[in-house]
Amino acid sequence: MDHVQRPADGYDHIVVPYVAGPPYDSLDFDTFPDRLGFPPFNEDSAWKGLDPGTISRLVQSWLYFGLIGAFLRHDVDLAEFVREDTEPKDGPIRRLVSSKTLEPHLDKWLAAGEDIEEERLQALLETSASAYCHFSSLSQSSASPLPEILLSVSILITTLAETANRRATALKRWPLFELPLLPPVDTSNLDPAARLLERELISAGWCPFKVQQILSDYSFMTTYYVSRLRDPMAPHISHAACTKDRCIGNNVDMANYSTRHTPTSCQCSHVSIPDKKMRSIIASGGIPIVRVKVSRNGGLAIQVKAASHQSRYIAISHVWSDGLGNPHANSLPTCQLKRLRGSVKSLVPPIFDLAQGFLSIPQLNVSFDAKKMAISWGSTEWFWLDTLCIPVGADEESRLLKSKAINQMAAIYAAAHQVLVLDSVMQAFTVAGRDLCHIAAQMTALAWLGRCWTYQEGALALALQVQCADCSFDPAMLNYDSDFSKEDSYVLLPGTTSTTSFWDRASRAASLGLKLGIKGMLVGIRSLLGMPVSKPQKAEAVLFRHIYYQLHDEVYREMCADRRQSFSLSGDTMKDFILCWNSLARRTTTMAGDIHVILANLLRLNAFSILAMSSQEERMRAILWSLPGIPLSLLFNPSKERVRPAEHHGNRWMPLWPDMHTLDESPILDIGDDALILKDCDYMPHILVFDGVISKTAEILVHVSGGDEDAWYRVLLRRQADDQFELGGFKNTALLFQLRTAEPGPFPMQAACLQLSDIQETRPKTDSPSSSSHGSALDLKATYDCPATARYVGHVVPLGYATLPRYEAKAMNSYTLSIKHDVINQSALPQRPQKIPFLGMSIALMILCSPFNMVLCAMTAIVVYQNVTQHAGWPSSVYVMSCLDIVMHSYTFLAALFFAPPINTLPAVVAGLNLNILPFLVGLAYAGVKAAEMPLAGLDKVVLGLLIGGHLPQIVMVALGRWVVNVRIYKAWLETYDPDWSPAMTDPILTAIFGFAQLLRSFLEVKPPSSGAGSFSETSGREAAPHLGRQIYK
């Protein structure tokens, strides 16, 4: 496996002993075991009688060396792939498999000009994958060295599949294989290779909870790369008590919490924030932001002020387990404050964000901000940090202010100029000299990626950077190009300007730009000539690309980069709920109840109302009933963390919080007065209706007959041990599957057990997507019983299941389903608008100013005409000022091409409107110089009139927009975070601007919101109970 590169300074490769038996004979690949006298795969008893050594020799000869030879179509020289090793030095000589020499063979195969044999390669690798699954399922497969050999085979299959796909792409074909060829890892029943990688990851220091995610998310090759990473997690955090289901290593014990110093040996004193001023800002509905000032004698002081619509501040995102919190006071050690000050000041702005109307030149540290209608130079010193800006204390006033500050969290991160991620692992990590795979792999180990509060902070960020030892950078900018060196990739990260000079970066960027331009031209020429569009890549680059993009995709997703690259939140409340739920299900928090507050903030619901609710059930119910429907996949949640799962009631399906179970976007249940209704969706899930009611048993066998189906399923019913659910009064039991069909296969299928109280026949609508063209449908009235897991066992009952209770069931193709619920008089929480609608105001200003740009364009055209035809008789001073006036007004010619300038020029155009007083003054100076040197003609007076008529209205509108309207918008937007806010209280200006922004979204063909995005929710929340605020602990 040593052809797979390792991270720098990573652990050594896992050694694979050479045990191969008779070599592959270059005949038919599929029947090689038959020629050696091995039994067919379906004779399980015959395989169980073989010893592990015999199986190991077959696997290595056939699926490793044989597969290489069959793929390359030539015999394999074993001397190239076997090396001798002695460990310890005076020990016996060991013969080990080395795949390093595989790369030259694959490079030659990639560079070959002849066509590829698609069908042969597909059959070859699919046979290998099927054989791998067979050998992995044998009871002997756990005996060494079979796990190591199986792991080497799985990595080889991925290597060859990626190589074949790369070759097919170079020949302008579609990829041959939908990777991975091997089935996804079943973390509940790991195969030997996966179990070996699990042990390697745990021994390397990974959290068991994170290990399960790695195994299920990545291919064997990528997981192997990650397992070689040395000391990936924070050394001061122990994961010894963590389990596969939950990480508690980053939970904090507030009774014994200690704020960390940097370095840890430091004993400096704490510096406190001006507490009264911070509290008064929060009490008045504002956002307190702070900066650290250094006095002449080296002392530190914290200054605080209320954020305004013009404020540029950095929101700090961190995990409390890194020691940057303080549950006892709004203070931090001097050493931590110095470090924070340096990190904040060294941040460079993001390059470009169309959705937020933002454009910058990081090398010059200048930003054009359309939202704030301003040009910003340099960095900012102001930041927001929960440790300093959320009051602490147990008194009633402190608790009330805490709740108010927590309710503002969405506003704080949404209004921030950038979010800076501080994680102790990355703060100690040096980016320079590392390849992109290493950087991405290290980032997957961040505690920040595993905590719930940090997900909210990343999802709401307009721009995000991660602080490292030598720089800060935006993970979204980690783009791989095989032609770039490590140094090139480092220089192109915008946040690395702190360690390289401007001229060095500019020269490198220019040379790389020239290289990319030439490359693009060559690709175009090759495409026109019908030649392969890219040159053959080396095998090392092909595998590097596979590993990198698997790692990068997780980092990109978990850091919510897709939201920052679009118009942030989708506007579809249901889609946002499912997206947030699925991400939070992979994360943990010290207090599980915090998840409801996070969900509320992300869905723009009133978190203050959530904090006032005393029970987890009440909080979850309020959130779910604020949605346009209920995802059906909630019913398949196998977790015990549900609403009173052992009692008899109608809400047993309702989860208390996200817990390792992901949701699907469809189907969606309609919320009725007393039932959840499933009908007329894109597809109706597979449902089995039993002959009668099944007994309260944990495991059963179900025989499904009728139509084309005749199969047995083993069903595990996940009831509580002390379940009090009463079966009396029900007529039948039903099993609802998460899938559209119960497809036969080795993997478990999630299902829900329902008890039917009534079944009626109805005639289906002919236009219903789920109904057939004839016959009747069933109207099923049900009560949720428990989650279940079903597994297909075959057309006959296996001997091992003979003692299980057996039931008959029929599959229903056309039905409607009503599932009873016990929720009464639950009002939806009021929903706030999306983000700050300053962008709508900026675009409105741009459109209003466009006619005046036309006026100035006409003026400039006249000046150009005069300059060309009359300059011979002008004094030199008049000619110079005329040329300067033309240059300063040249931007107005855009108005002749676009009445409203293109949307992608928005930041620059709005910035130009802010600076239009400069061309106005130049125009006045030109008129003054000309009047002093020579008499003004009639055309000169027209130019002066157009100058004043074009500029003054723009200057007035910009001033009103920036200093009056935007101030009012910002104040009205913050008011939507007040505890007692309702849509009826919204400022009309805010509503109008937000409506304009929504029209723009429609114009740009962004999917319109389906619920609550284009207007405020008309329902209001319940009366707020006494508010019990508390500090948030990430």
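Residues numbered from 1 in each chain as written. Predicted model: local features only at pLDDT ≥ 70, side-chain atom pairs only at ≥ 80, totals over all residues. Heavy atoms only, no water.

- The name given to the chain in an unreviewed UniProt entry is Heterokaryon incompatibility domain-containing protein, with Echria macrotheca as the source organism.

### What about the side chain of Gln 456?
- Within the secondary structure, Gln 456 sits in helix H18 (residues 452–460).
- The class of Gln 456 is buried, set by a relative accessible area of 0%.
- Within the structure, Gln 456 has its side chain in polar contact with the side chain of Asn 601 (distance 2.9 Å).
- Once residues lying within four places of it in the same chain are set aside, the contact partners of Gln 456 are Met 409, Val 597, Ile 598, Asn 601 and Leu 602. (Helix = DSSP H or I, 4+ residues; strand = E, 2+ residues; numbered from the N terminus. Buried < 20%, exposed > 50% of the residue type's maximum accessible area, 1.4 Å probe, protein only. Polar contact = N/O pair within 3.5 Å; in protein donor to acceptor, adjacent residues only side chain to side chain. Contact = heavy atoms within 4.5 Å.)

### Details of the packing of helix H17 (residues 436–443) against helix H21 (residues 539–558)
- Between H17 and H21, the shortest axis-to-axis distance is 9 Å and the interhelical angle comes to 35°. With respect to the hand of their crossing, H17 and H21 are arranged in left-handed fashion. In this structure, H17 uses Leu 436, Cys 437, Ala 440, Ala 441 and Met 443 to contact H21, whose residues at the interface are Phe 544, Ile 547, Tyr 548, Leu 551, His 552 and Val 555.
- For the contact of H17 with H21, a count of residues per class yields ten nonpolar, one polar and no charged. (Axes fitted to C-alpha atoms, helices over the stretch in contact; angles between N-to-C directions. Left-handed = near helix turned anticlockwise from the far one by under 90°. Nonpolar A, V, L, I, M, F, W, Y, C, P; charged D, E, K, R; others polar.)

### Section: helix H11 (residues 275–283)
- Residues Met 278, Arg 279, Ile 281 and Ile 282 constitute the buried set of H11. Within H11, the buried residues cover an arc of 160° as seen down the axis, which keeps them to one side.
- In this structure, the buried side of H11 is in contact with strand E4 (288–294), strand E5 (300–306), helix H13 (386–389) and helix H14 (396–407).
- Positive phi appears at Gly 285, one or two residues downstream of H11, with a value of about 90°. (Arc of directions from axis to C-beta.)

### Some thoughts on a nonpolar patch on the surface
- A cluster of nonpolar residues, Leu 915, Ile 917, Leu 918, Leu 921, Leu 924, Ile 948 and Leu 952, forms a patch on the protein surface that exposes about 550 Å² of accessible area.
- Contributing elements (two or more residues each) for the nonpolar patch: helix H31 (917–933) and helix H32 (938–975).
- Looking at the nonpolar patch element by element, the count peaks at four residues for H31.
- Looking at where Leu 915 falls in the secondary structure, it is placed in the loop between helix H30 (906–914) and H31.
- According to the relative accessible area criterion, Leu 915 is partly exposed, its value standing at 39%. (Patch = residues over 30% accessible without salt bridge, like charges linked within 9 Å, V, L, I, M, F, W, Y side chains within 5 Å. Areas by Shrake-Rupley, 256 points an atom, 1.4 Å probe, with all protein chains shown as cover. Salt bridge = Lys/Arg side-chain N within 4 Å of Asp/Glu carboxyl O.)

### Topic: the packing of helix H3 (residues 52–72) against helix H5 (residues 102–111)
- The N-to-C vectors of H3 and H5 enclose an angle of 20°; their axes lie 11 Å apart at closest approach. It follows that H3 is roughly parallel to H5 by the angle criterion. Like other packed secondary-structure pairs, H3 and H5 cross with a definite hand, here left-handed. For the pair H3 and H5, contact is made by Ile 68, Phe 71 and Leu 72 and by Leu 102, His 105, Leu 106 and Trp 109, respectively.
- A class-by-class count of the residues in the contact of H3 with H5 yields six nonpolar, one polar and no charged. (Parallel < 35°, antiparallel > 145°, perpendicular 65-115°, else oblique.)

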